[in-house]
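Fold and contact review
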Amino acid sequence: MTLEVLTKEDLQQFKIELLESIENLLQGKKTEEKLWLRTSEVRKLLNISSGTLQNLRINGTLSYSKIGGTLYYNYKDIQTLLMDCKH
C-alpha cells in the first residue's frame, strides 16, 4: 500500500477546481429554459392581467395543464403565441 502525501497547495488547488466545477454547474442551470411556467410567471412575461390570461385559456389561445390547484403553461406555447402576435 502506497501512501501519498497531500500538501496545502494540493488542497488549495483541489478547492479551486471544485469551486469552478460548482460554478459551472450553477451557470448551466441559470441559462436553461424552464419548460413549464406558473401563472404569475406567464403574466409577468406577457405583461398581462390575470383576467386576460384567463381569457386566453378560455378561448383556447393558450393551452395549460392543471396539477393540483396550480396551472402550468408550456414555455414553447408562449413563444408561439408571441410569434403569432408579431405577425
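The protein chain appears in an unreviewed UniProt entry as Helix-turn-helix domain-containing protein from Chryseobacterium gotjawalense.

Moving on, we get to a nonpolar patch on the surface. Taken together, the side chains of F14, L18, L19, I22 and L26 define a hydrophobic patch exposed on the protein surface, amounting to about 490 Å² of accessible area. The class for L18 is partly exposed, based on a relative accessible area of 41%.

With that out of the way, let us pick up the nonpolar core. Ranked by size, the top nonpolar core spans eleven residues in total: L37, V42, L46, I48, L53, L56, L62, L71, Y73, I78 and L81. Every element with two or more residues in this core is listed here: α2 (39–46), α3 (50–58), β3 (70–74) and α4 (75–86). The contacts of I48, once residues within four sequence positions are left out, are R43, L53 and L56.

With respect to topology, three strands assemble into an open sheet ordered β1-β3-β2, the strand pairing being antiparallel. Edge strands, defined here as strands with exactly one partner in the open sheet, are β1 (36–38) and β2 (65–67). Strand-to-strand, the axes of this sheet are offset by a mean angle of 40°, without reference to chain direction. In the sheet, β1 pairs with β3 via three bridges, with the strands oriented antiparallel. Paired with W36 across the strands is N74, a residue of β3. Together, β1 and β3 form the strand contacts of α2, whose direction differs from that of β1 by roughly 90°.

With that settled, consider α3. Of the residues making up α3, those classed as buried are L53, L56 and R57. Take α3 and look down its axis: the buried residues cluster within an arc of 100°, on one side only. A positive backbone phi angle near 80° is found at G60, which sits one or two residues after α3.

Applying the stated rule across the entire model yields one aromatic pair. A ring pair is formed by Y64 and Y73, whose centres lie 6.3 Å apart and whose planes are at 45°; its orientation type is tilted.

Another point: the confidence of the model for the protein chain. Looking at the protein chain as a whole, its pLDDT mean stands at 86, while 90% of the residues score no less than 70. Ranking the helices and strands of the protein chain by mean pLDDT puts α3 first, with 96, and helix α1 (residues 8–31) last, with 78.

Cut-offs and rules
- Along every chain, residues carry numbers that run from 1 in the direction the sequence is written.
- The predicted origin of the model limits local features to residues at a pLDDT of at least 70 and limits the giving and counting of side-chain atom pairs to 80 or more, whereas totals for whole chains, interfaces and linings rest on all residues.
- By convention in this description, side-chain values take in all heavy atoms of the structure and omit both hydrogens and water.
- Every patch collects residues that have over 30% relative accessible area and no salt bridge, joining them within 9 Å if they carry like charges and within 5 Å if they are nonpolar side chains (Val, Leu, Ile, Met, Phe, Trp, Tyr).
- Using a 1.4 Å probe, the Shrake-Rupley method yields the accessible areas, and only the shown protein chains count as cover for residues.
- Basic side-chain nitrogens of Lys or Arg form a salt bridge, by our definition, when they fall within 4 Å of a carboxyl oxygen of Asp or Glu.
- Burial classification: accessible surface area is computed with a 1.4 Å probe over protein chains only, and a residue below 20% of its type maximum counts as buried, one above 50% as exposed, and the rest as partly exposed.
- Here the nonpolar core consists of buried residues drawn from Ala, Val, Leu, Ile, Met, Phe, Trp, Tyr and Cys, with membership extended through side-chain atoms lying within 4.5 Å.
- Strands are runs of DSSP state E lasting at least two residues, helices are runs of H or I lasting at least four, and both sets are numbered from the N terminus onward.
- Between two residues, a contact is recorded if the distance between any of their heavy atoms is within 4.5 Å.
- DSSP calls a pair of strands paired once it identifies at least 2 bridges connecting them.
- For helices, the fitted axis covers only the stretch in contact; all axes are lines through C-alpha atoms, and the angles between them, taken along N-to-C directions, range from 0 to 180 degrees.
- This arc describes the spread of directions from the helix axis toward the C-beta atoms.
- Pairing of aromatic side chains requires ring centres within 6.5 Å, counting the rings of Phe and Tyr and the six-membered ring of Trp. Pairs whose planes differ by under 30 degrees are stacked, by over 60 edge-to-face, and all others tilted.
- On a scale of 0 to 100, pLDDT captures the predictor's confidence in every residue.

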